[in-house]
Amino acid sequence: MTDLLSHISYLLYSNRYVSVEGLGSFMLSRRSANVSGNLLSAPEDLVSFSNQVIAGDRVLVNSIARRANITEEGAETLLTNEVEGLKHALQQGESISIPEVGTLSLEEDLTTIRFVADNRSSWLSPVNLEPIDVAPSVAHSSSLSSADYEVRRTTLTRSLRRTASSAAAIAVIALITFVISQLPHRHNNAQQVASMGIEQLTPSMGEKSLIITPGATEPALVLILNTPADGAAPAAKPSKNIEQADDDGRYCLVVASLASRAEADKFITAHSTSDLPLKLLQIDGRWRVYARSGATIAELSERGRELGIYERFPSAWICRR
């Protein structure tokens, strides 16, 4: 009979119900927290019992068969014997306690089963709170005098002002540090990396130094290459462009854009040949080495392909004087 009571307790917790053939059914329901008057009751699980049995329910039989490692037929025989023993004990006036569920006994007529649930179990009711009084408490308010209020207001205002001043000072220091970090490094020999972007050519851009994709026709989309030196290095004489060339084409096929004259001369010495002499052009503070110039973009682009300039300098681009 002890095994039967353990199965009832386990299945009730697992499935929230268990039906015992020849005895009745146990059900487990949940009651939410509720407020009655000024009392707050915690949520709890409630166990109920009914003399009716769920027809065809095999949960208890299967549980006994698995536990005892026997067939379902053997489990049914064992269950019948256990239930008969339990009913006999009740008829003898005994009370049967089911662990963590409740207690079974017979009424005075010796035929009706009486069930008293054990709803205070820490297993079935994990939140075991006693009812508490939630009646509103009387707050003892204390009023501040006008003088105390003014002192507190003044202190808070000064504190906020000091905080704002500190934040502004930190912001100014951060801004100065950022500006200094963006200043050009004149003695930095690290390779400069160009940033790229596409813009639509407009009449207002006619006087600016433009970089145009090879083979394009006028007007066209222009490719703007901007290196750190383009925006940071000042021109020695910004009002005058310096050219070292023997032609006067409107467009130049540039193969390198450098920050100083020394770097440009070094590049020309390293890459200039008799069949492809490189020339120097200074525009907006940049020293640009170019291989050919022409009157139109299409003409210069075609000439560059014929001479193999794009194969020798893959990053070559066309610049307007």
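Residues numbered from 1 in each chain as written. Predicted model: local features only at pLDDT ≥ 70, side-chain atom pairs only at ≥ 80, totals over all residues. Heavy atoms only, no water.

### Brief notes about the sheet that holds strand 1 (residues 17–20)
Strand pairing in a sheet relies on backbone hydrogen bonds. The paired strands run either parallel or antiparallel.
Right, so step 1: Across the sheet, three strands lie side by side as 1-2-5; this open sheet has antiparallel pairing. Of all the strands in the sheet, just strand 1 and strand 5 (44–50) have a single pairing partner and so form its edges. With direction set aside, neighbouring strand axes in the sheet form an average angle of 20 degrees.
Right, so step 2: With respect to the sheet, helix 1 (residues 2–15) is in contact with strand 1, strand 2 (24–31) and strand 5, its orientation differing from that of strand 1 by roughly 140 degrees. (Pairing = 2+ DSSP bridges. Helix = DSSP H or I, 4+ residues; strand = E, 2+ residues; numbered from the N terminus. Axes fitted to C-alpha atoms, helices over the stretch in contact; angles between N-to-C directions. Contact = heavy atoms within 4.5 Å.)

### Structural notes on the side chain of Arg-292
Right, so step 1: Within the fold, Arg-292 resides in strand 16 (residues 286–294).
Right, so step 2: Once residues lying within four places of it in the same chain are set aside, the contact partners of Arg-292 are Tyr-251, Cys-252, Leu-253, Asp-275, Leu-276, Pro-277, Leu-300, Leu-307 and Ile-309.

### A look at the state of the cysteines
Right, so step 1: A complete count under the given rule lists zero disulfides for this structure.
Right, so step 2: For Cys-252, which is in no disulfide, the shortest distance to another cysteine sulfur is to Cys-319 and amounts to 6.5 Å.
Right, so step 3: On the accessibility criterion, Cys-252 (0% relative accessible area) is buried.
Right, so step 4: With relative accessibility at 1%, the residue Cys-319 sits in the buried group. (Disulfide = S-S within 2.5 Å. Buried < 20%, exposed > 50% of the residue type's maximum accessible area, 1.4 Å probe, protein only.)

### Details of unusual backbone geometry
Right, so step 1: The phi angle at Asn-69 is positive, at roughly 55 degrees, despite the residue not being glycine.
Right, so step 2: Its place among the elements puts Asn-69 in the loop between helix 2 (59–68) and helix 3 (72–91).
Right, so step 3: The backbone of Glu-100 sits at a positive phi, close to 60 degrees, despite the residue not being glycine.
Right, so step 4: Looking at where Glu-100 falls in the secondary structure, it is placed in the loop between strand 6 (96–98) and strand 7 (102–106).

### What about the packing of helix 2 against helix 3?
Right, so step 1: Interaxial distance between helix 2 and helix 3 falls to 8 Å at its minimum, and their mutual angle equals 105 degrees. The orientation of helix 2 with respect to helix 3, classified from their angle, is roughly perpendicular. Contacts between helix 2 and helix 3 involve Leu-60, Val-61, Asn-62, Ile-64 and Ala-65 from the first element and Glu-72, Ala-75, Glu-76, Leu-78 and Leu-79 from the second.
Right, so step 2: Taken together, the residues that form the contact of helix 2 with helix 3 break down as seven nonpolar, one polar and two charged. (Parallel < 35°, antiparallel > 145°, perpendicular 65-115°, else oblique. Nonpolar A, V, L, I, M, F, W, Y, C, P; charged D, E, K, R; others polar.)

### Overview of the confidence of the model for the protein
Right, so step 1: Averaged over the protein, the pLDDT score is 76; the fraction of residues at 70 or greater is 71%.
Right, so step 2: Counting interchain partners and residues more than four positions distant, the pLDDT-below-50 stretch residues 215–224 has 32 contacts. (pLDDT = per-residue confidence, 0-100.)

### Description of the packing of helix 1 against helix 2
Right, so step 1: At a minimum axis separation of 10 Å, helix 1 and helix 2 run at an interaxial angle of 120 degrees. As the angle between them shows, helix 1 and helix 2 are arranged oblique. Here helix 1 and helix 2 pass one another in a crossing that is right-handed. Contacts between helix 1 and helix 2 involve Leu-4, His-7, Leu-11 and Asn-15 from the first element and Val-59, Leu-60, Ser-63, Ile-64 and Arg-67 from the second. (Left-handed = near helix turned anticlockwise from the far one by under 90°.)

### Considerations on a nonpolar patch on the surface
Right, so step 1: Taken together, the side chains of Val-172, Leu-175, Ile-176, Phe-178, Val-179, Ile-180 and Leu-183 make up a nonpolar region of the molecular surface, amounting to roughly 670 Å² of accessible area.
Right, so step 2: Inspection of the secondary structure puts Ile-180 in helix 4 (residues 146–181). (Patch = residues over 30% accessible without salt bridge, like charges linked within 9 Å, V, L, I, M, F, W, Y side chains within 5 Å. Areas by Shrake-Rupley, 256 points an atom, 1.4 Å probe, with all protein chains shown as cover. Salt bridge = Lys/Arg side-chain N within 4 Å of Asp/Glu carboxyl O.)

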